[in-house]
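# Working through the structure, step by step
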Amino acid sequence: MEAVPHNQAETELTVTSPEQMRELGRRLAKLLRAGDLVMLSGELGAGKTTLTRGLGEGLGVRGAVTSPTFVIARVHPSLGAGPPLVHVDAYRLGGGLDEMEDLDLDVSLPDSVIVVEWGEGKVEELTDDRLHIVIHRAVGDTTDEVRQVTVTGLGERWAEAGLPALSA
């Protein structure tokens, strides 16, 4: 068992349907604020975009949240007073932070909630405070909707942010 550093909070959840994944996104949105970076990991079809769709609903942003695979980044402005959602798919970005900087995400990070799919090794330098969500699906049976979701908050921002309440 690996010790959790003092500036890291972690919670694990089991999600059994796409609707539950969206609901997790809606609950998570209540904890998010402008300047937050969320990294999503999980194989194709694990539910990263479904979770982000729920985040968008919870944040009250404009536009349908769909996978930004072919546009790389999509901005969803807030319909109210909340921050916009910037949804990034870093799958095809090989150059790491240099290519990410070409997207000017660091310019909008203080004012936005940034969600990056496939961001490991590419966006960590944007901020020390970030949320890393790993979605594991059952291996083998691809019809199984069960997902294990690990939510890890890194940095002081997430130390007391109430992540364990997500599983309530």
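You'll find the structure just up there.
Rules and cut-offs
- Residues numbered from 1 in each chain as written.
- Predicted model: local features only at pLDDT ≥ 70, side-chain atom pairs only at ≥ 80, totals over all residues.
- Heavy atoms only, no water.
- Helix = DSSP H or I, 4+ residues; strand = E, 2+ residues; numbered from the N terminus.
- Expected span 1.5 Å × (residues − 1).
- Buried < 20%, exposed > 50% of the residue type's maximum accessible area, 1.4 Å probe, protein only.
- Contact = heavy atoms within 4.5 Å.
- Salt bridge = Lys/Arg side-chain N within 4 Å of Asp/Glu carboxyl O.
- Pairing = 2+ DSSP bridges.
- Axes fitted to C-alpha atoms, helices over the stretch in contact; angles between N-to-C directions.
- Core = buried A, V, L, I, M, F, W, Y, C linked by side-chain atoms within 4.5 Å.

Its 12 residues give helix H2 (residues 48-59) an end-to-end C-alpha distance of 16 Å, which sits within 8% of 16 Å, the value for a rise of 1.5 Å per residue. Counting buried residues in H2 gives nine out of 12 residues, a clear majority hidden from the surface. Those residues of H2 not exposed but buried are Lys48, Thr49, Thr50, Leu51, Thr52, Gly54, Leu55, Gly56 and Leu59. Looking at the buried side of H2, the elements it contacts are helix H1 (18-29), strand E2 (37-41), strand E4 (85-89), strand E5 (113-117) and strand E6 (130-137). Where H2 terminates, the next one or two residues include glycine 60, which has phi positive at roughly 70°.

It is worth spelling out the pattern of salt bridges at this point. Under the definition given, this model contains five salt bridges. Among the ionic pairs, arginine 22 bridges to glutamate 57, the shortest N-O distance being 2.0 Å. In this pair, arginine 22 sits in helix H1 while glutamate 57 sits in helix H2, placing the two residues 35 residues apart along the sequence. A relative accessible area of 35% places glutamate 57 in the partly exposed class. What emerges from the salt-bridge pattern is a single network uniting Glu19, Arg22, Glu23, Arg26 and Glu57.

On to the environment of leucine 24. As for its placement among the helices and strands, leucine 24 is situated in helix H1. When its relative accessible area of 3% is taken as the criterion, leucine 24 is described as buried. Along the primary structure leucine 24 and glycine 58 are separated by 34 residues, whereas in three dimensions their C-alpha atoms are 9.6 Å apart. When near neighbours in sequence (up to four residues on either side) are disregarded, leucine 24 contacts Leu13, Val15, Leu51, Val149 and Leu166.

Right, let's get into unusual backbone geometry. One non-glycine residue, tryptophan 118, lies in positive phi territory at about 60°. With respect to the helices and strands, the residue tryptophan 118 is situated in the loop between E5 and E6.

One open sheet holds the seven strands; their spatial order is E1-E7-E6-E2-E5-E4-E3, and the pairing between them is mixed. Two strands bound the open sheet, and with one partner strand each, they are strand E1 (8-15) and strand E3 (73-76). Averaged over neighbouring strand pairs, the angle between their axes works out to 15° when direction is ignored. Bridge count between E2 and E5: four bridges; the pairing is parallel. Bridging across to E5, valine 38 finds its partner in valine 115. Each of E1, E6 and strand E7 (147-154) is contacted by H1, which is oriented at about 150° to E1, the strand it contacts most. Together, E2, E4, E5 and E6 form the strand contacts of H2, whose direction differs from that of E5 by roughly 170°.

The next thing to look at is the nonpolar core. Core analysis: the largest hydrophobic core is formed by 28 residues, its most contacted members being Leu24, Leu32, Leu131, Ile133, Val149 and Val151. Ranked by the residues each element gives to this core, the list is headed by H1, at four residues. Discounting chain neighbours no more than four positions away, the residues touching valine 149 are Thr11, Glu12, Leu13, Val15, Met21, Leu24, Ile133, Val134 and Ile135. One finds Met39, Ile72, Ile114 and Val116 within the second-largest nonpolar core, a separate group that totals 11 residues.

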